[in-house]
Amino acid sequence: MCEPVIFTVEGDLGGDLWLARTGAGDEVTCQRLASRSAPGRTTFAAVVTFEKRVELTLTGPAGEPRGGIREGRTREPDAFVRLDTGYFDLEMCTGTAGGTGSSKWGLRHFGAVAEGVDLLPSGDNAIGGFYGPFFTPENGLINPPEHTTVAVEVVERGPVMHHYRMHGTVPDGLLDELKGKRFAIDWIFTYGTPYFTRVYHVDDFQTVVNGRSVTNKITVGDEFEGGQGELLFDRFAAYGGTRYRAGDPYAEELVTMVAATMAAPRRGAAPKFEEFRRLLTGDMRSAHWDLYWRLFCAWEGALDDEEIRERLARVRAAAHVRADLPDRVWTLAGEPVEVSAVPDETIFPGPASKTAEFHTGTGRAMVWWTSAPSGAFQIVQRRQSGWVNWGTNGENECPELPVGVEIKTAYGMFRDTWADVADQLATPPQVTR
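Only a predicted model underlies this, so the values are computations on that prediction, with no experimental measurement involved. (Residues numbered from 1 in each chain as written. Predicted model: local features only at pLDDT ≥ 70, side-chain atom pairs only at ≥ 80, totals over all residues. Heavy atoms only, no water.)

1. Side note on the packing of aromatic side chains
Here is step 1 of the chain: Inspection of every chain in the model, using the stated rule, returns 22 aromatic pairs.
Here is step 2 of the chain: With centroids separated by 6.1 Å and ring planes inclined at 25 degrees, the aromatic side chains of Trp187 and Phe196 adopt a geometry described as stacked. The pair formed by Trp187 and Phe196 is uniform in burial state, with each residue classed as buried.
Here is step 3 of the chain: Ring centres of Trp368 and Trp390 lie 4.6 Å apart, and the angle between their planes is 0 degrees; this geometry places the pair in the stacked category. Taken as a pair, Trp368 in strand S24 (residues 365-374) and Trp390 in strand S26 (residues 387-391) lie far apart in primary sequence, 22 residues in all.
Here is step 4 of the chain: According to the relative accessible area criterion, Trp390 is buried, its value standing at 0%. (Phe/Tyr/Trp six-rings, centres within 6.5 Å; stacked < 30°, edge-to-face > 60°. Buried < 20%, exposed > 50% of the residue type's maximum accessible area, 1.4 Å probe, protein only. Helix = DSSP H or I, 4+ residues; strand = E, 2+ residues; numbered from the N terminus.)

Quick look at the structure:
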């Protein structure tokens, strides 16, 4: 695996690029990292492929590199940058806060260069959003990529590494303890590497979700789309076996409440309510996932705050009971789970730090490693809409990933080797000087 190596040497070495030579005589481009260097010490990033050990010797400043990360023509109106990393083709967007799927910030297009398949072709879904506890019906919000924008700071930009830092403010919802919070997300991409790294930072907070105290834990959500009837990933697996409960009573109760709200007599309905009435006719199961939520979003203004609170209190009360009924048994699976074959095409696995979703036919796989385990996950593989999700929350939207955890996400033809890939993500190269 082509991996980034970060190393520091004594002295103030000028210039953006240096060359190093391996013990085998190969030249390696090293990018000076301004954000990590300090007076008397210079830090570099290089990418190398090796087994067991490689020795790098700095030889001097470099001119133009022979290869490296390239920027290309963007596709979305709010795109910040389109990157060809030598392995990934991806587009990072800042969002428009328009309240629709196409308003999201994050990675709105993503794929492997060699495969040539966009895992997010419509631009209506994204990798990298974070949700609970801020963006849940309980707080009267649904989705930060849809209801806020981000500003992107360029931390490092060179042929070896691009490091971006997103900055945003969470819109105020219904819960006082979650108002006025800011967030930042660090994204790091390196040349030729089959994974990228990110870390989420959020102002301190404490609230209650699903009857449990939640302190500085969030839901991170990665979305993928194959089109109606098609799944980019049709299995989920956790390292060492998957412990899960199937079905999503909360979503079922929410859909039922959507139907009841649409059918209830109503005078002088807000224009937004009438818009949703038109959108929510037909087969909800094939609709964009966010339509389950948007009717109960205070930001949208379809319902007043008091009605949102009252209706969602009933949803939560019913869902909390159903989630823990005796027939919601835990399944202990030694084999990958076919999520689309279970009720609601949804499972809630237990704690893990190494997880994967893959396609049995094509062999493509997405692999996640987190530097601390998430306490639970929500995995959706919905064949009707073609929507697939990896989320770090448990039942009833309870967030489970601690803020500040490093996430490495790999993609490639890793169906049969994903556990080995996850082990490699967890064990970065050790650098000595």
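From this point, the discussion proceeds with the structure in view.
2. A word on the sheet that holds strand S5 (residues 56-61)
Here is step 1 of the chain: Taken in spatial order, the five strands line up as S1-S4-S3-S2-S5 in an open sheet, and their pairing is antiparallel. At either margin of the open sheet sits one strand with a lone partner, and together these are strand S1 (3-10) and S5. Here the average twist between neighbouring strands, direction ignored, is 35 degrees.
Here is step 2 of the chain: As judged from the five bridges shared by strand S2 (residues 17-22) and S5, these two strands associate in the antiparallel manner. Residue pairing for S5: Thr22 is matched across the bridge by Leu56. (Pairing = 2+ DSSP bridges. Axes fitted to C-alpha atoms, helices over the stretch in contact; angles between N-to-C directions.)

3. Some thoughts on the side chain of Glu225
Here is step 1 of the chain: Here Glu225 shows up in strand S18 (residues 220-225).
Here is step 2 of the chain: Reaching out from Glu225, the side chain makes a polar contact with the backbone nitrogen of Ser122 at a distance of 2.7 Å.
Here is step 3 of the chain: At 2.6 Å, the side chain of Glu225 forms a polar contact with the side chain of Asn125.
Here is step 4 of the chain: With near-sequence residues (within four places) excluded, Glu225 lies in contact with Leu119, Leu120, Pro121, Ser122, Gly123, Asp124, Asn125, Leu232 and Gly386. (Polar contact = N/O pair within 3.5 Å; in protein donor to acceptor, adjacent residues only side chain to side chain. Contact = heavy atoms within 4.5 Å.)

4. Here's the deal with the sheet that holds strand S19 (residues 235-238)
Here is step 1 of the chain: Taken in spatial order, the eight strands make up an open sheet running S11-S12-S13-S14-S28-S24-S23-S19, and their pairing is antiparallel. Across the chains shown, the open sheet's two edge strands, defined by having one partner strand only, are strand S11 (151-157) and S19. The average angle at which neighbouring strand axes cross in this sheet is 20 degrees, direction not considered.

5. A closer look at the layout of surface pockets
Here is step 1 of the chain: Volume-wise, the largest pocket comes out at about 490 Å³.
Here is step 2 of the chain: If you trace the largest pocket, you find 16 residues lining it, with Val54, Glu55, Leu56, Val431 and Thr432 closest to the centre.
Here is step 3 of the chain: Of all the elements in the fold, those that place two or more residues in the lining of the largest pocket are S1 and S5.
Here is step 4 of the chain: With four residues, S1 is the largest single contributor of residues to the lining of the largest pocket.
Here is step 5 of the chain: Considered class by class, the residues forming the lining of the largest pocket number nine nonpolar, three polar and four charged.
Here is step 6 of the chain: The volume enclosed by the second largest pocket comes to roughly 380 Å³.
Here is step 7 of the chain: Lining the second largest pocket are 21 residues, and of these Leu19, Glu27, Val28, Thr29 and Arg66 sit closest to its centre.
Here is step 8 of the chain: Residue assignment for the lining of the second largest pocket shows that the elements contributing at least two residues are S2, strand S3 (27-32) and strand S4 (41-48).
Here is step 9 of the chain: With three residues, the single largest contributor to the lining of the second largest pocket is S3.
Here is step 10 of the chain: Among the residues forming the lining of the second largest pocket, the class breakdown is twelve nonpolar, six polar and three charged. (1 Å grid on protein atoms, 1.4 Å probe; cavity = no way out; pocket = protein on both sides within 12 Å on 5 of 7 lines; lining within 4 Å. Points joined across faces, edges and corners; volume = space filled by probe spheres on them. Nonpolar A, V, L, I, M, F, W, Y, C, P; charged D, E, K, R; others polar.)

6. Quick look at unusual backbone geometry
Here is step 1 of the chain: Cis geometry is found at the peptide bond from Gly132 to Pro133, where omega equals 0 degrees.
Here is step 2 of the chain: Of note, Pro133 is situated in the loop between strand S10 (127-130) and helix H1 (144-147).
Here is step 3 of the chain: Despite not being glycine, Glu345 shows a phi value in the positive range, around 50 degrees.
Here is step 4 of the chain: You can see Glu345 is positioned in the loop between strand S21 (331-333) and strand S22 (346-349).
Here is step 5 of the chain: Phi at Asn396 takes a positive value of approximately 55 degrees, unusual for a residue other than glycine.

7. Looking at the side chain of Thr370
Here is step 1 of the chain: With respect to the secondary-structure elements, Thr370 resides in strand S24.
Here is step 2 of the chain: A polar contact of 2.8 Å, which involves the side chain of Thr370, links it to the backbone oxygen of Ala372.
Here is step 3 of the chain: With residues near it in sequence (within four places) discarded, Thr370 still touches Ala352, Ser353, Leu401, Val405, Glu406 and Ile407.

8. Looking at helix H5 (residues 305-323)
Here is step 1 of the chain: Taking 1.5 Å per residue, 19 residues should reach 27 Å; H5 reaches 26 Å between its end C-alpha atoms and fits that length.
Here is step 2 of the chain: Inspection of H5 places Glu307, Ile308, Arg311, Leu312, Val315, Arg316, Ala319 and Ala323 among the buried residues, and these make up the whole buried set. Along H5, the residues classed as buried sweep out an arc of 155 degrees about the axis, all on the same side. In H5, those exposed residues whose orientation departs by more than 90 degrees from the buried face are Glu306 and Val321.
Here is step 3 of the chain: Summarising the contacts, the buried residues of H5 are in contact with strand S20 (242-246) and helix H2 (249-263). (Expected span 1.5 Å × (residues − 1). Arc of directions from axis to C-beta.)

9. Some details on the domain arrangement of the protein chain
Accessible area lost upon the coming together of the parts serves often as the stated size of an interface.
Here is step 1 of the chain: One can read the domain layout of the protein chain as domain 1 (2-61) and domain 2 (70-232 + 383-426).
Here is step 2 of the chain: Each of domain 1 and domain 2 has a C-alpha centre, and these two points are 30 Å apart.
Here is step 3 of the chain: Contact with domain 1, which involves 15 residues of that partner, is made by 15 residues of domain 2.
Here is step 4 of the chain: Both faces considered, domain 1 and domain 2 share a buried interface measuring about 1,100 Å² in area, 57% of it formed by carbon and sulfur atoms.
Here is step 5 of the chain: Three residues stand out in domain 1 for area buried against domain 2, namely Cys2, Glu3 and Gln31, and they jointly supply 41% of the buried area on that side.
Here is step 6 of the chain: At the boundary of domain 1 and domain 2, one finds zero salt bridges.
Here is step 7 of the chain: Linking domain 1 to domain 2 there are six residue pairs in polar contact (both at pLDDT 80 or more).
Here is step 8 of the chain: Class assignment of the residues belonging to the side of domain 1 that touches domain 2 gives a composition of nine nonpolar, three polar and three charged. (Domains from an automatic or database assignment. Buried area = accessible area lost by both parts, 1.4 Å probe. Salt bridge = Lys/Arg side-chain N within 4 Å of Asp/Glu carboxyl O.)

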